[in-house]
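Listed below are the residues making up each chain.
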Amino acid sequence: MTGSHEQLPPWATAVVLPLLNVAAALAVSGVVVWLIGESPLEVVSLLLWGAFGWGEGVGYTLFYTTNFIFTGLAFGIAFHAGLFNIGAEGQAYLGGLGVALACLYLDFLPLPILIVVAIAASAAFGAGWAFIPAWLQARRGSHVVITTIMFNFIAASLMVYLLVNVLAPAGSMQPESETFSDHARLPFLHDIAAALGVQIATSPLNLSFVWALICCVGFWVLIWRTRLGYALRTAGINPAAAVYAGMSPGRLTIIAMMLSGALASGMALNEIMGSQHRLILEFTAGYGFVGIAVALMGRSHPAGIVLAALLFGALYQGGAELAFEKPQITRDMVVMIQGLIIFFAGAMEHFFRPQLVRLFSLMPSTSRQEA
Amino acid sequence: MADVVALIALIIDSAIRLSVPLLFACLAGLYSERSSIFDIGLEGKMLGAAFAAGAIAAITGSAWMGLLAAIAASSALALLHGFACITHRGNQIVSGVAINIIAAGLTAQLGASWFSQGGQTPSLPNTARFLPLEWPGAEALAGVPLIGAVYSELLSGHNILVYLAAATVPLTWWVLYRTRFGLRLRAVGENPAAVDTAGISVTWLRYRAVICCGVLCGFAGAYLSIAQSASFIKDMTAGKGFIALAALIFAKWRPVQALGACFLFGLLDAVAIRLQGVAFPLIGDVPVQFVQAVPYILTVVLLAGFVGRAIPPKAGGVPYVKER
Amino acid sequence: MAETAGSPAIRLDGISKSFGPVRANRDISLAVEKGSIHGIVGENGAGKSTLMSILYGFYQADAGSIHISGRPANIRTPQDAIAAGIGMVHQHFMLVDPFTVLENVILGAEGGLTLRQGMDQARTELIALERDYGLEVSPDATVSSLTVGQQQRVEILKALFRQADILILDEPTGVLTPAEADHLFRILGQLRDTGKTVILITHKLREIMAITDKVSVMRQGEIVDTLHTKDVSLEKLAELMVGRRVLMQVDKQTVDAGECVFEARDLTIAKAQYVRSLDKVSLRVHSGEIVGIAGVAGNGQSELLEVIGGMRSDYTGDIMMRGRTLRPAISAPDAIRANGMAHVPEDRHRMGLVMPFEASENCILGYHNEDRYQRGALLDRAAILSDAAGKLERFDVRPPNPHLPASSFSGGNQQKIVLAREFEHDPDFLAVGQPTRGVDIGAIEFIHQHLLDMRARGKAILLVSVELDEIRALADRIVVMFAGRIVGECLPSVSDAQIGALMAGLEAEPGV
């Protein structure tokens, strides 16, 4: 689309452009901070300190990062297959139901087995919820974007119903499930570290973080080193070529969406089994949507996704500290900043491209490859 | 019998009130999507408008100033969407998601820091709101069976935005099918290259469509905060923008059908509120959550082509790039 | 409008246009006389369409000037072009399908903020125009319900309604039946007779010879010559187009056709009750034989290739390899490949390659499930790379770097990657679609030679091409398709007129 003359070196597209986009989003946020009468510089230092300045802060940052890694991977895998899964929110929500059911009713299992079961249950529920929109696109031609949006709302209604009428303990007015028993919880990393004789700060950071990193590796291997990944990418870039090569785009659509739903529900594992220890309302809290930005910024590559997730995790944690320190600033400020980053990094991805191209064309050393 | 009529009148009356913001937003989406700019940011624009209306009406004490501010705020967000999607050919879905999130964060933050009421705007006096207009003789006729219910309950006693919403439907129909702008709007959603080669600027046409969308979302938001309620409350749109989107699909991007779809979804909402805890014979207790999910389920069913088929404008979602 | 008497309708001076490193137009100067039909010929990619897009305001020239009727014209947008009296009929019609003819015609020329008055006026005018030029279409018909020929007439009406004096037609006959094309030419003749100027862009020399007054030949972005049509021969034009004497006669050894390798029986695709895009197509291809499928584009050749390639299942009939019925039991493209068939698709961009993929990844497309590319559950990257390096080497792909994305190769080299993949699979039967479309001359020879080598090695080859000359040069037998049917078979030595008659469907039963 942009002609070959507008090409940038790959590293500039992968690194410089996203950084510029984030910088633009932060600059606009700075203006808003200034408008409400606070000093942007002070806010930035508070944010950074809140996210990285103390042990507990780092723990929280990584805890939130875990959520963003999962939703980023979820969006990324569907994106490789040419699909826009806006439904991570609903899929993770249902995934939470899977986790909760496993933890509530199978808590007699030994923990390692229960963890595997809980992961499987969350993945199955998330994948199942993604299956319907996927099937509808593959077989009935309705677009996943709109169907997954609708499914987010249907999931929300369903979960309210289940939590109010089914899962809430008798007599309780709280729309939440019973608390899981002590041995149906993911171990906190600070507990694991303590058992190994290392002292780290207390935080909700739990074993899900490790699982998230494993999923990143698995994601990379799947996409770039397996036949399935090859097929997914082919179908994503050129569906006609996929048909020509004997792949079934419909089948790949369904597989990609189910994998995406399964990955999204990883965040339910982190929140529900790792931290809340009960199923609550709206625990997905927009992580699914931010996952879109995480994946786009990270170019749907696990390494990029981890870095982008870390950025959002730090914002989230730093923002919480900031809201605590500065009564004028609420956590909504962080929501707005997230929105701005999504806007600049996602929708205005190439905003700075022409300027950057001009900059690069001024550099004499960049030799052009002639095919 | 009189009880049943009264109950039905009450439910319809409340359905009208609930469907007005849907209708504004749905028609807003219609302009945008007919020009092939998909807009899942209706929610965010409504929210921004609701906040601007609540805040400015509170400060100036004028509902009309509030409405103007709502239109301005919503149009600004619409132009942002246009800038990303038309000028920069960005992804329309991502831009819409971003605008929803920006609006949610910004309104709550600004509300909190300007008014210090936890993200809410100050409660408005009646003079700073759009109040119900009593039609002549409404009170006198109220006692007459049926006519009273229709005239006094349903037709009379709404605020001016309700009547404006009703008027917007034929207006949109006329614009779409009887004016030059409408012809071009429909054309650009189907084949932008045809519009371009006919010597019409695709970019400017789409921008105008996006502005129409912003203005109408402004009405929707203002209705929420300064007509239906008396202040802006954090996240007060609560998914209405998405129901409007569902209604737009349900109406297959046509204005008169949009009226029907919005009223249907408003009615469902009204019924859900009324029926909370009411047990039906045979069916038993219908969970209110199920009724709330019906618009989304219906839309999915329609999109899947199980009943009828909703086919969006052909060029929808695709930025226009001149072919080489 | 005072016009300078005798000045040409259009004069271009020194027009140049580059897209990045590609120079699409270089220093083009051209004068088109008023009231004439002026042809512009050239191969695909010679720069014809770019030049016309500049004239129509779609692109801006980097340098040069345009004069319309002797006055300098600054054409920056299509609107400027329309105002200057230029109308254009694009290769892909610029019509809004769900609109009526009338709505399409007035789009952009509505004559007021509301439609009613303009519509009424336009209807009257339209009916007059249709009568004057024999452009019958109903103003209230929906465009999507019209035939391709009728849609083209709507495009011409659009231009005339805007009072165009100069009409540009870009490859207007590519999608027309011979009868429709004749009708079009009659219309163009009438337009010329009423004083309009017509520019006809095409790569079909016969059209140029048939109706133009003058012809300009473009090659590699330049106009190499402008001549009076009556003074020039077909051969001379062809030579100018490609830049040297074309001897399409390739050095072809005689190969004795062997046993029947591939057979298709009664392949039929029913689109609607009476519409068939393939109609009982039966053919055989023997070992050591190239069977060429000739025909005007859109007469079922693409569908035939897709059926043979296993890409569609909405057909009836049988396909047999060495006497064994393959389908419908086995009908997926990978199963086809496993049975010794290979398919070079017509459109490498749309099907044959995944442009952002590395060359090595493209070299396994369709064969990615084969054992030699696997290592346990993973793809064996080392094997894939070395395999690809060998293929690029042997097919002289430049640069022979398997890590480069397909998009960074030239058209000819991209096509070689596809051919390398399919040929080296060593199939018994090859279905090849448009092997040299958009490929430079050097690569064409290379590709032709490779096809003949495969033939010499006893492969059975089915060749589909819109280039009749290519088919004549390579094929042992020519099968002609029209309207989804095989309407005749002949040897490559028969005359143009005979093949032409078959391609035009003149020997098929009328009224289907």
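Overview of the structure. (Residues numbered from 1 in each chain as written. Chains lettered and ligands numbered in written order. Predicted model: local features only at pLDDT ≥ 70, side-chain atom pairs only at ≥ 80, totals over all residues.)

## Describing the overall build of chain C
In plain terms, the rule: A helix here means a DSSP run of H or I that spans at least four residues, while a strand means a run of E at least two residues long, and both kinds are numbered starting from the N terminus. For a compact globule the rule gives 2.2 Å times the number of residues to the power 0.38, and the radius of gyration it is set against comes from C-alpha atoms. A pair of residues counts as a contact when their C-beta atoms, built from backbone coordinates, are within 7 Å of each other.
Scanning chain C for helices and strands turns up 17 helices and 22 strands. Compactness check: chain C gives a C-alpha radius of gyration of 25 Å against a globular reference of 24 Å for 512 residues, within 12% of the reference. In terms of overall dimensions, chain C has a C-alpha envelope of 75 × 50 × 50 Å along the principal axes. Within chain C, contacts between residues at least 6 apart in sequence are counted, and of these 67% link residues at least 24 apart.

## As for the interface of chain A and chain B
As a measure of interface size, the accessible area lost when the parts come together is often cited. The following threshold applies: Lys, Arg, Asp and Glu make up the charged group, whereas Ala, Val, Leu, Ile, Met, Phe, Trp, Tyr, Cys and Pro make up the nonpolar group; the residues left over, Gly among them, are polar.
Tallying the contact residues gives 41 residues for chain A and 37 residues for chain B. If you list the elements that add at least two residues to the side of chain A that touches chain B, you get α5 (111-140), α6 (144-167), α13 (287-297) and α15 (332-347) of chain A. Class assignment of the residues belonging to the side of chain A that touches chain B gives a composition of 26 nonpolar, twelve polar and three charged.

## Brief notes about the sheet that holds strand β1 (residues 10-19) of chain C
Residues and elements named next belong to chain C. Selection rule: At least two bridges found by DSSP between two strands is the condition for calling them paired. Fitted lines through C-alpha atoms give the axes, limited to the stretch in contact for helices. The angle between two N-to-C directions lies from 0 to 180 degrees.
Within the open sheet, the four strands sit side by side as β2-β1-β4-β5. Their pairing is antiparallel. Single-partner strands in this sheet number two, and they are β2 (22-32) and β5 (71-73). Shown here is a sheet whose adjacent strand axes are inclined to one another by a mean of 30°, direction ignored.

## With respect to the nonpolar core
How we decide: Core membership is restricted to buried Ala, Val, Leu, Ile, Met, Phe, Trp, Tyr and Cys residues, and these are joined into a nonpolar core through C-beta atoms within 7 Å. Counting other C-beta atoms within 10 Å of each residue's C-beta, where C-beta atoms are placed from the backbone, gives the exposure class: buried for 20 or more, exposed for 12 or fewer, partly exposed between. Per the annotation, domain bounds derive from an automatic or database assignment of domains.
Judged by nonpolar contacts, the single largest core of 393 residues is most densely connected at F24(B) and A247(B). Top contributing element to this core by residue count: helix α10 (residues 202-228) of chain B, with 15 residues. Counting residues domain by domain, this core receives three or more from each of domain 1 (10-242) and domain 2 (260-503) of chain C. Excluding residues within four positions of it along the chain, A247(B) makes contact with L22(B), C26(B), A258(B), A261(B), C262(B) and F265(B).

## Quick word on the pairing of strand β9 (residues 214-219) of chain C
All names here are of chain C. Extensive coverage of β9 is indicated by the burial of five of its six residues. In the sheet, strand β3 (residues 37-41) pairs with β9 via four bridges, with the strands oriented parallel. Considered in β9, the bridge of G39 is made with V215. Across six bridges, the pairing between β9 and strand β10 (residues 222-228) is antiparallel.

## As for the environment of A238(C)
Checked against the element boundaries, A238(C) lands in helix α8 (residues 234-242). Separated by 197 residues in the primary sequence, A238(C) and V41(C) have C-alpha atoms spaced 9.4 Å apart.

## Notes on the pairing of strand β8 (residues 197-202) of chain C
All names here are of chain C. Where burial is concerned, most of β8 is hidden: six out of the six residues are buried. A two-sided burial pattern is seen for β8, the buried positions comprising T197, I199 and I201 on one face and V198, L200 and T202 on the other. In the sheet, β3 pairs with β8 via five bridges, with the strands oriented parallel. Pairing of I37 across the sheet is with V198, part of β8. With five bridges joining them, strand β7 (residues 166-170) and β8 adopt parallel strand pairing. By the bridge assignment, L169 is partnered in β8 with L200.

## A short note on the interface of chain C and chain A
Listed per partner, the contact involves 26 residues of chain C and 17 residues of chain A. Residue classes in the side of chain C that touches chain A are distributed as 16 nonpolar, eight polar and two charged.

## A closer look at the sheet that holds strand β16 (residues 341-344) of chain C
Hydrogen bonds along the backbone pair up the strands of a sheet, which may run parallel or antiparallel. All names here are of chain C. Strand order in this open sheet of six strands is β16-β19-β20-β13-β21-β22, and the pairing throughout is mixed. Either end of the sheet is taken by a strand with one partner, and the two such strands are β16 and β22 (485-490). In this sheet, adjacent strand axes meet at a mean angle of 20° when their direction is disregarded. Direction of pairing for β16 relative to strand β19 (residues 429-433): parallel, over a ladder of four bridges. Of the residues in β19, the one forming a bridge with V344 is V432. Set on the sheet, helix α9 (residues 301-308) makes contact with β13 (289-294), β16, β19, β20 (460-464) and β21 (477-482); between it and β19 the angle comes to about 145°. Lying over the sheet, helix α14 (residues 411-423) contacts β16 and β19, oriented at roughly 175° with respect to β16.

## Quick notes on the environment of T234(A)
Turning to its location among the elements, T234(A) is positioned in helix α9 (residues 227-237). Judged by the 28 C-beta atoms lying within 10 Å of it, T234(A) falls in the buried class. Separated by 15 residues in the primary sequence, T234(A) and P249(A) have C-alpha atoms spaced 9.3 Å apart. Once residues within four sequence positions are removed from consideration, T234(A) is found in contact with A241(A), A242(A), A245(A), M247(A) and V354(C).

## So, unusual backbone geometry
In terms of backbone geometry, most residues other than glycine have negative phi values and most peptide bonds are trans. Residue P399(C) is bonded to the preceding R398(C) through a cis peptide linkage, with omega at -10°. Relative to the helices and strands, P399(C) resides in the loop between α13 (381-394) and α14. Of note, H277(A) is a non-glycine position whose phi angle comes to about 60°, a positive value. As for its position among the elements, H277(A) is in the loop between α12 (266-276) and α13.

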